[in-house]
Amino acid sequence: MTPADALGAKLLAQMQAAGAQPVAADILQPAETLLDLYGEDIRARAYVTHDPALGEMMLRPDFTVPVVQAHMREGAEPARYCYAGPVFRKQSSARAREYLQVGYELFARNDPARADAEVFALFARLLAGYDLRPVTGDIGILKAAVAGLDTTERRKAALMRHIWRPARFRALLDRMGGQGKLAAPRAELVARLRTAPVAELVAQAGPVIGLRSMAEIEARVQTLLEDAETPPLPAGQIAALERLLALSGPARDVLAELRAEGWDALTPALERLDARLQALDAAGIDTQTLPFEASFGRTTMEYYDGFVFGFVSPRADMPPVATGGRYDALTAVLGQGRRIPAVGGVIRPETLIALGGA
Amino acid sequence: MMALKLGVPSKGRLMDKTFDWFAGHGLTLRRTGAEREYAGAVDGIAGVELVLLSASEIPRELAAGRIHLGVTGSDLVRETLPDWQGAVAELAPMGFGHADLIIAVPKAWVDVETLDDLDAVAAAFRACHGFRLRIATKYHRLVRDYLRAHGVADYQLVDSQGATEGTIKNLTAEAIADITSTGETLAANHLKILRDAPVHRSQATLFAARGADWQRAGSAGAALFARLGLPEATISGITSPIA
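Worth saying up front: this structure is predicted, and the values here are computed from it rather than measured.

Engineer: How do you make sense of the overall build of chain B when you look at a structure like this?
Structural biologist: When its secondary structure is counted, chain B shows nine helices and 13 strands. In terms of principal-axis extent, the alpha carbons of chain B reach across some 65 × 40 × 25 Å. Taken across its 243 residues, chain B has 45% of its residues classed as buried. Excluding contacts between residues fewer than 6 apart, the proportion of contacts in chain B whose partners are at least 24 apart in sequence is 68%.

Engineer: Would you mind going over the sheet that holds strand β3 (residues 48-51) of chain A with me for this structure?
Structural biologist: Remark on secondary structure: sheet strands pair via backbone hydrogen bonds, oriented parallel or antiparallel. All names here are of chain A. Taken together, three strands build an open sheet; the order of strands is β2-β4-β3 and the sheet is antiparallel. Of all strands in the sheet, those bounded by a partner on one side alone are β2 (28-30) and β3. Sheet twist, expressed as the mean angle between neighbouring strand axes with direction ignored, is 45°. Direction of pairing for β2 relative to strand β4 (residues 55-59): antiparallel, over a ladder of three bridges. Its bridge partner being in β4, P30 is matched across the sheet by M57. Contacts from helix α2 (residues 31-38) reach β2, β3 and β4 within the one sheet, and its direction differs from that of β4 by about 70°.

Engineer: What am I meant to see in the interface of chain B and chain A here?
Structural biologist: By a widely used convention, the size of an interface equals the accessible area lost when the partners come together. Chain B puts 31 residues into the contact, and the matching count from chain A is 32 residues. Within the residue set of the side of chain B that touches chain A, elements represented by two or more residues are α5 (115-129), α6 (140-149) and β9 (155-159) of chain B. When residues of the side of chain B that touches chain A are assigned to their parent elements, the largest contribution, seven residues, is made by α5 of chain B. Class assignment of the residues belonging to the side of chain B that touches chain A gives a composition of 15 nonpolar, five polar and 11 charged.

Engineer: I keep staring at unusual backbone geometry and nothing clicks. Help me out?
Structural biologist: A negative phi angle is the norm for most residues apart from glycine, just as the trans form is the norm for most peptide bonds. A cis geometry characterises the amide bond from E77 of chain A onward to P78 of chain A, with omega recorded as -15°. Note that P78 of chain A resides in the loop between α3 (64-74) and β5 (79-88). Although it is not a glycine, D111 of chain A adopts a positive phi angle of roughly 50°. Tracing the sequence through the fold places D111 of chain A in the loop between β6 (98-107) and α4 (112-126). Even without a glycine there, the phi angle at D154 of chain B is positive, about 60°. Following the sequence through the fold, D154 of chain B ends up in the loop between α6 and β9.

Engineer: I'm lost on the packing of helix α8 (residues 183-193) of chain A against helix α10 (residues 214-229) of chain A in this one. Help?
Structural biologist: All names here are of chain A. It is at 10 Å that the axes of α8 and α10 come closest, and there the two elements cross at 115°. The angle between α8 and α10 falls in the class roughly perpendicular. Relative to α10, α8 is oriented so that their crossing is left-handed. Taking contact as the criterion, the partners of L189, V190 and L193 in α8 are, on α10, V221, L224, L225 and A228. Of the residues in the contact of α8 with α10, the class split is seven nonpolar, no polar and no charged.

Engineer: What exactly am I supposed to notice about the domain arrangement of chain B here?
Structural biologist: Residues and elements named next belong to chain B. As assigned here, chain B comprises domain 1 (4-97 + 204-239) and domain 2 (99-201). In this structure, domain 1 and domain 2 have C-alpha centres spaced 33 Å apart. Class assignment for the residues of the side of domain 1 that touches domain 2 results in no nonpolar, one polar and three charged.

Engineer: What exactly am I supposed to notice about the domain arrangement of chain A here?
Structural biologist: Residue and element names in this part refer to chain A. Under the domain assignment used here, chain A contains domain 1 (3-145 + 240-355) and domain 2 (154-234). Here the C-alpha centroids of domain 1 and domain 2 sit 35 Å apart. Counting from both sides, the interface comprises six residues of domain 1 and, opposite them, four residues of domain 2. Taken together, the residues that form the side of domain 1 that touches domain 2 break down as two nonpolar, one polar and three charged.

Engineer: Can you help me understand the pairing of strand β10 (residues 307-312) of chain A in this one?
Structural biologist: Along a regular strand, successive side chains alternate from one face of the sheet to the other. All names here are of chain A. Burial runs high along β10: five of the six residues are buried. Relative to strand β11 (residues 322-326), β10 runs antiparallel, the two being bridged by four bridges. Among the inter-strand pairings, F309 is bridged to a residue of β11, identified as G324.

Engineer: For this particular structure, what's the right way to read helix α7 (residues 166-176) of chain A?
Structural biologist: Note on helix geometry: an α-helix contains 3.6 residues per turn, so any two residues three or four positions apart are oriented the same way. Residues and elements named next belong to chain A. Along α7, the residues classified as buried are R168, F169, A171, L172, L173, R175 and M176. Buried residues along α7 sit in contact with α6 (153-161), α8 and α11 (235-246). At the exit of α7 stands G178, carrying a positive phi of roughly 75°.

Engineer: Sorry, what's going on with the confidence of the model for chain B here?
Structural biologist: Interpreting fine coordinate detail is not advised for predicted regions of low pLDDT. A residue-level look at chain B finds 95% of positions with pLDDT of 70 or above and a mean pLDDT of 91. Predicted as a complex, the structure gets a pTM of 0.89 and an ipTM equal to 0.89.

Engineer: Teacher, can you tell me more about the sheet that holds strand β1 (residues 4-9) of chain B here?
Structural biologist: All names here are of chain B. Strand order in the open sheet made by the five strands is β4-β1-β5-β13-β6, with mixed pairing throughout. A single partner strand is all that each edge strand has here, and the edge strands are β4 (48-53) and β6 (88-93). Pairs of neighbouring strands in the sheet enclose a mean axial angle of 30°, with direction left out of account. Taken together, the five bridges between β6 and strand β13 (residues 204-209) define a ladder with antiparallel strand orientation. In the sheet register, E90 faces β13, and the bridge partner there is F207. Packing against the sheet, helix α1 (residues 12-23) makes contact with β1, β5 (69-73) and β13, and its axis sits at approximately 135° to β1.

Engineer: Hey, could you run me through the packing of α4 of chain A against helix α13 (residues 267-282) of chain A in this one?
Structural biologist: Each pair of packed helices gets described by two things: the angle between the helix axes and the distance between those axes. Residues and elements named next belong to chain A. For the pair α4 and α13, the least separation of the axes is 8 Å and the interaxial angle reads 45°. Considering their axes alone, α4 and α13 lie oblique with respect to each other. When you trace α4 past α13, the crossing you get is right-handed. Across the interface between the two elements, A113, R114, D116, A117, F120 and A121 of α4 pack against R272, A275, R276, A279 and L280 of α13. Taken together, the residues that form the contact of α4 with α13 break down as seven nonpolar, no polar and four charged.

Engineer: What am I meant to see in the environment of V67 of chain A here?
Structural biologist: All names here are of chain A. As for its position among the elements, V67 is in helix α3. Along the primary structure V67 and Y83 are separated by 16 residues, whereas in three dimensions their C-alpha atoms are 9.0 Å apart. When neighbours within four sequence positions are excluded, V67 is seen to be in contact with V23, A25, Y81, Y83 and E105.

Engineer: When you look at the pairing of strand β10 (residues 175-180) of chain B in this model, what are you seeing that I'm missing?
Structural biologist: Inspection of the sheet shows strand β7 (residues 99-106) of chain B paired to β10 of chain B by five bridges, in the antiparallel sense. Bridge pairing links I102 of chain B to D178 of chain B in β10 of chain B.

Cut-offs used in this document
Residues numbered from 1 in each chain as written. Chains lettered and ligands numbered in written order. Predicted model: local features only at pLDDT ≥ 70, side-chain atom pairs only at ≥ 80, totals over all residues. Helix = DSSP H or I, 4+ residues; strand = E, 2+ residues; numbered from the N terminus. Buried ≥ 20, exposed ≤ 12 C-beta atoms within 10 Å, placed from the backbone. Contact = placed C-beta atoms within 7 Å. Pairing = 2+ DSSP bridges. Axes fitted to C-alpha atoms, helices over the stretch in contact; angles between N-to-C directions. Nonpolar A, V, L, I, M, F, W, Y, C, P; charged D, E, K, R; others polar. Parallel < 35°, antiparallel > 145°, perpendicular 65-115°, else oblique. Left-handed = near helix turned anticlockwise from the far one by under 90°. Domains from an automatic or database assignment. pLDDT = per-residue confidence, 0-100.

Written as structure tokens, this is what we have:
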């Protein structure tokens, strides 16, 4: 047993002592589920192989998806699960391709604030002996801010789809404000589409080939023409959204700043943040000093849609020691109609060993 | 001492143009032996051995350090080698073998001109058909990196090793990503190129292998680089991988 295996076993035992039931997951997972969830990008990060009978399979890049699937099939509620085992990720640098993850997942319908606090406080306790910086965030606040923009549902949906791709999100926001490098090509396209009925334009352009039908082309042209009539996103709202995305500081201070913005659409999300901070206080976490970064979790953790957290090493060359968060929407996607609020996280024992301490 | 190995394409226009390019620098590359034998020689410089290879194998031979220098398309190096910049150094673009890797969609898609449009269409297509919009290509790595950099989502790459322009009509893809030099095949298949910058502008390029044994090749490297007009420091630049 390597030191990392031993540490993994110890962490797993501590999670069991906290009430979690140990679960196992296959290393070979059907690729299709993960590709549909994460998109084609995951091929660059996960190992895909081929089975003659089952088709494309993936070496598990994480445990969350199989654990959620198992819970949706047969789990009782509320449920706490823990697991330990290797995951596999492609790397272009010298970072490990195969490494251990020890994880804890909590499925509970009631009191999400308390569930968030339970998971975070457990991780804080397990990692207490190491020199790590905790960081928290809340994707739910970003989603509430987008939902609260003064614009069409269609534009909000387009922005919501790209919350996890900050550069693309920014480019869309600019275009909707009539600014940026996408604005001119869009204006030219709309001008051309206004010159004649769609059927005529298509007839001039070429035969309709492929699966995408004439009706789909017409529908998008209609969407484009309608969108062109929509007033640009108010500059003040874009600026407010940007201030929000840049917020960083002790959690209580950030909450106060967000309240001071006076943005009504944020109120329910801020109430949830407040409730979470109270639950964290009750769990022994000092929220006066707990770091909060509004954009945390936007680039690496696509399925998290509420509370997010990490424990990061002061050494920049090290991956985060632990990451986690709330993923209510993921359970709905995997549950085929059923859903259950869920929050969890993982620890990387090898990174802890490399850092020393404890 | 071992010879410094120079890998060049073994046939066709790419080989002829490569020979011309080196001739322009006062070096004669020639095939030796029987007509169908893949053997060659370099005249005008000592200690350099010519290795004739398929252009598609040159990236791998460079990455393995089995050849010191190699001529191949810049697209093949980027597509074949993970972390290509760590494996090879780009010494000189050679001014021939130009081809753009582009994304094309049916001309009838009057609502699509840019990646911004393609991304919106991919979302609508998935909602309508229940699967991700398919892009046929053989350049998986280049295309995926490009689409990720531009934030395109809800697509999938489907492999196409040939006749890629026909996949849309055959209903196996909705868009394609392929190499084009004149665009004639695209036009004949009722396709148009997106207005954004191409995925990659490829041309024949002289590459150096960071992992090859430059020490044992002795002074042949320095002599060759001097002849090609490359700075003296080139070798140390090759052997110390970029950060």
